[in-house]
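Residue-level structure breakdown
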Amino acid sequence: RQARIRRPFLSANDRSRWATLRALVEPEMRVPGAPYAIDRVLNEPGWDTIDLVKHDGHLYSSKPTLLPTLLAAEYWVIYKVTGRTLGEEPYAIGRLMLVTVNVLPLVFAFWLLSRLVERLGTSDWGRIFTMAAATLGTFLTTFAVVLNNHVLAAVTTLVCLYALVVILLDGDRRLRWFVLAGLAAALTATNELPALSFFAAVLVGLLWKAPKETLLGFVPGALVIAAGSLSTNWIAHGTFSPPYAHRSKTDPTD
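Report on the accompanying structure. (Residues numbered from 1 in each chain as written. Predicted model: local features only at pLDDT ≥ 70, side-chain atom pairs only at ≥ 80, totals over all residues. Heavy atoms only, no water.)

Attention shifts here to the overall build of the chain. For the chain, the helix and strand inventory stands at eleven helices and two strands. Along the chain, from the amino end to the carboxyl end, the secondary structure elements read α-α-α-β-β-α-α-α-α-α-α-α-α. Its C-alpha atoms give the chain a radius of gyration of 20 Å, near enough to 18 Å, the size a compact globule of 254 residues would have. The C-alpha extent of the chain, read off along each of the three principal axes, is 55 × 40 × 40 Å. Expressed as a percentage of the 254 residues in the chain, the buried residues total 46%. Counted over contacts in the chain with a minimum sequence separation of 6, partners at least 24 positions apart contribute 61%. (Helix = DSSP H or I, 4+ residues; strand = E, 2+ residues; numbered from the N terminus. Rg over C-alpha atoms; globule rule 2.2 N^0.38 Å. Buried < 20%, exposed > 50% of the residue type's maximum accessible area, 1.4 Å probe, protein only. Contact = heavy atoms within 4.5 Å.)

Here you go:
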């Protein structure tokens, strides 16, 4: 009985993204003409999810397409090297990917934060309090056990902030820092829609301080992410609208 109800992953939200990875990588899970469709994955026991949409006769994850597309590259390598699938080894492969996708980037982000805190903090107590709050006082560490967008968004936010400190406080106007800021800010907005305000604030601030470098570095970097997000969404859903915009109340065919 326990074996029947046991789930390989921790929530419908989690499985929705994992299902897309399987559809993109595993030949047996692919739906001809619909590379992002998860119909065949959902037919397997324990792989159901309510985080989905349906259009054109197929089921799709309701999550934005760019992140699972990027993660599918890592899963493709694991699949080719080991010959094993998430369906066969959900725990081993899933935990391995969570370490590389969530844990290691989060440790890197905390390291970046420690550098910023060490530089900008004005007292030892303030530095310790800030690091303790950032590492132990948020849901980021709890999110690290599932495949989600929040951890990556936090990491890219810190990368962008670090680049901003180098540009604005150190006066380093090399294009590499502007490109990095553009990539990171756009990735943050892609993974957390409310972070569009963060992206806009960074863009306006950099245009004010260094318009030339921003246009030559930040904007192209951001456009790369935008192009990836829009193109994968178009391939998956045939529209630039996010998948959760498919609603029968506005479109009777959905």
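Moving on, we come to helix α2 (residues 12-25). Counted at 1.5 Å a residue, the expected span for α2 with its 14 residues is 20 Å, and the 20 Å between its end C-alpha atoms agrees. Across the 14 residues of α2, twelve count as buried, placing the element largely inside the fold. All of the buried residues along α2 are A12, D14, R15, S16, R17, W18, A19, T20, L21, R22, A23 and V25. The inward-facing, buried residues of α2 contact α3 (39-42), β2 (58-61), α4 (66-82) and α5 (90-120). (Expected span 1.5 Å × (residues − 1).)

What follows concerns unusual backbone geometry. With phi around 55 degrees, D56 is a residue other than glycine that occupies positive phi space. Along the polypeptide, D56 turns up in the loop between β1 (52-55) and β2. The class for D56 is exposed, based on a relative accessible area of 62%.

Turning our eyes to something else, we now look at the side chain of N233. Inspection of the secondary structure assignment puts N233 in helix α11 (residues 211-237). Within polar-contact distance, the side chain of N233 engages the backbone oxygen of S241 at 2.7 Å. (Polar contact = N/O pair within 3.5 Å; in protein donor to acceptor, adjacent residues only side chain to side chain.)

Let's shift gears to the environment of L136. By secondary structure assignment, the location of L136 is in helix α6 (residues 124-136). With 99 residues separating them in the primary sequence, L136 and A37 have C-alpha atoms 38 Å apart.

Within the largest apolar cluster, 38 residues are counted, with the highest numbers of intra-cluster contacts made by C160, F199, L206 and F218. Sorting elements by how many residues they give to this core places helix α8 (residues 150-168) first, with twelve residues. Once residues within four sequence positions are removed from consideration, F199 is found in contact with A185, A186, A189, F218 and A222. Core analysis: the second largest hydrophobic core is formed by 23 residues, V25, V41, I78 and L86 among them. (Core = buried A, V, L, I, M, F, W, Y, C linked by side-chain atoms within 4.5 Å.)

Examined against the element boundaries, L52 turns out to sit in strand β1. Once the C-alpha coordinates of L52 and G121 are considered, the two residues, 69 residues apart in sequence, prove to be 44 Å apart.

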